[in-house]
Amino acid sequence: MSMIEFHGVQKYYGKFHALRDIDLTINKGETVVLIGPSGSGKSTLVRTVNGLEDIQEGKLVVNGHDLSNPKTNINILRKDVGMVFQHFYLYQNKNVLENVMLAPRIVLKLNEEENKKRAAEMLNMVGLVGKEKNMPSQISGGQAQRVAIARSLAMKPKCMLFDEPTSALDPEMIDDVLQVIKKVAEQGDMTSLIVTHEMGFAKEVADRVIFMDDGKILEDTDSKSFFENPQNERAKKFLSKIISH
Ligand code: ADP
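Residues numbered from 1 in each chain as written. Predicted model: local features only at pLDDT ≥ 70, side-chain atom pairs only at ≥ 80, totals over all residues. Heavy atoms only, no water.

### Side note on the overall build of the protein chain
Counting its regular elements, the protein chain contains nine helices and 10 strands. Along the first, second and third principal axes, the C-alpha set of the protein chain runs to 50 × 45 × 35 Å. Counting across all 245 residues of the protein chain, residues that qualify as buried make up 51%. With the model as given, the accessible surface of the protein chain reaches about 11,700 Å², and the carbon-plus-sulfur share is 48%. (Helix = DSSP H or I, 4+ residues; strand = E, 2+ residues; numbered from the N terminus. Buried < 20%, exposed > 50% of the residue type's maximum accessible area, 1.4 Å probe, protein only. Areas by Shrake-Rupley, 256 points an atom, 1.4 Å probe, with all protein chains shown as cover.)

Structure, rendered in structure tokens:
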């Protein structure tokens, strides 16, 4: 069963052709890592999946919602799709627990008791038990990113999108966040699409690796084949540069 389907998708920013002929199917439960040079369209591709960017041609279906149809209700789609960005936008005037409880209360109308239980479960999952009462200014960047992950998970999404979730973090905080993402991605029924420059992590977590350049998918293969035996010349060059760093 597919969770995300791109069929002949074209995306333009004005005249700039940002996504070219994207054909891609991601199945339920898969963990897919998107790799490629800066400016290759990774973030654009991920953002189209929850309707943050519109597409100009082709068809894009996410959990049965057709994003190419203007009548599709994007708010219903977004209940199924969680997103974690490079920068964590926590509500600064609310504590950690409130940050996690807010969307389920307002969007899902979850009762307080259920909501508290769920938030506790999510904060446990991201390793932040004991930080419930802290304000965002009283936690580290890595902890804030983990709150952002817990907040997304509290909506019980079917699919999680991560757009360079560790790029803005201090190096010593990256690993904790990656471990949490791994745990999330490995939940059997979760579909994850992850943009990252952390190659060791990508290798470890990905079922599949998609390599992009110039708005195109140049390689789409299992993780082992990609890292050990990339076929595309640009992918080979990209990997050799990264590995030599
Ligand atoms: P990546 O995530 O691989 O670094 P992006 O998807 O962010 O790449 O960007 C792909 C291309 O689209 C880049 O050339 C970028 O400059 C361009 N782009 C991204 N967002 C916009 C925008 N809002 N308006 C115009 N061009 C954009």
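### Quick word on the packing of helix α3 (residues 96-106) against helix α4 (residues 112-125)
Two elements in contact, α3 and α4, have axes separated by 9 Å at closest approach and are oriented at 125°. Looking at the two axes, α3 sits oblique to α4. At the point where α3 passes α4, the crossing takes the right-handed sense. Contacts between α3 and α4 involve V96, L97, V100, M101, P104 and R105 on the former and, on the latter, E112, N115, K116, A119 and L123. In terms of residue class, the contact of α3 with α4 is made up of seven nonpolar, one polar and three charged. (Axes fitted to C-alpha atoms, helices over the stretch in contact; angles between N-to-C directions. Parallel < 35°, antiparallel > 145°, perpendicular 65-115°, else oblique. Left-handed = near helix turned anticlockwise from the far one by under 90°. Contact = heavy atoms within 4.5 Å. Nonpolar A, V, L, I, M, F, W, Y, C, P; charged D, E, K, R; others polar.)

### Remarks on the site of the ligand
Every residue near the ligand is listed here: Y13, F16, P37, S38, G39, S40, G41, K42, S43 and T44. The separation between an oxygen atom of the ligand and a polar main-chain atom of S43 is 2.8 Å. Measuring from an oxygen atom of the ligand, one finds a side-chain N or O atom of T44 at 2.5 Å. About the coverage of the ligand: the protein hides 59% of its 560 Å² of free accessible area. (Near = heavy atom within 4 Å. Polar contact = N/O pair within 3.5 Å; in protein donor to acceptor, adjacent residues only side chain to side chain.)

### Considering the nonpolar core
A general feature of soluble globular proteins is that nonpolar side chains tend to end up buried together. The biggest cluster of nonpolar side chains holds 47 residues, and the ones touching the most others in it are I35, I149 and V184. Looking at which element gives the most residues to this core, the answer is helix α6 (residues 171-185), with eight residues. Excluding its chain neighbours within four sequence positions, the residues that come into contact with V184 are M125, I149, L153, M160, F162 and M190. (Core = buried A, V, L, I, M, F, W, Y, C linked by side-chain atoms within 4.5 Å.)

### What about the pairing of strand β2 (residues 16-27)?
Where strand β1 (residues 2-13) lies against β2, eight bridges are found, and the strand directions are antiparallel. For Y12, the partnering residue across the bridge sits in β2 and is H17. Taking the residues that link successive antiparallel strands as the turn, the β1-β2 hairpin has two residues, and the phi of G14 there is positive, at about 60°. (Pairing = 2+ DSSP bridges.)

### Details of the sheet that holds strand β5 (residues 65-66)
Taken in spatial order, the four strands make up an open sheet running β2-β1-β4-β5, and their pairing is antiparallel. Unpaired on one side and paired on the other, β2 and β5 mark the two borders of the sheet. As paired elements, β1 and strand β4 (residues 57-62) share five bridges and run antiparallel to each other. Within β4, the residue paired with E5 across the bridge is V61.

### Here we look at α4
With 14 residues, α4 extends 20 Å between its outermost C-alpha atoms, agreeing within 8% with the 20 Å of an ideal straight helix rising 1.5 Å per residue. Within the sequence span of α4, burial applies to N115, R118, A119, M122, L123 and M125. Along the long axis of α4, the arc covered by the buried residues comes to 150°, so they all point the same way. Exposed and facing more than 90 degrees away from the buried side of α4 are E113, K117 and N124. Where α4 is buried, its residues touch α3, α5 (141-153) and α6. For α4, the side-chain oxygen to backbone nitrogen distance between the N-cap and E113 is 3.1 Å, and the N-cap itself is N111. (Expected span 1.5 Å × (residues − 1). Arc of directions from axis to C-beta.)

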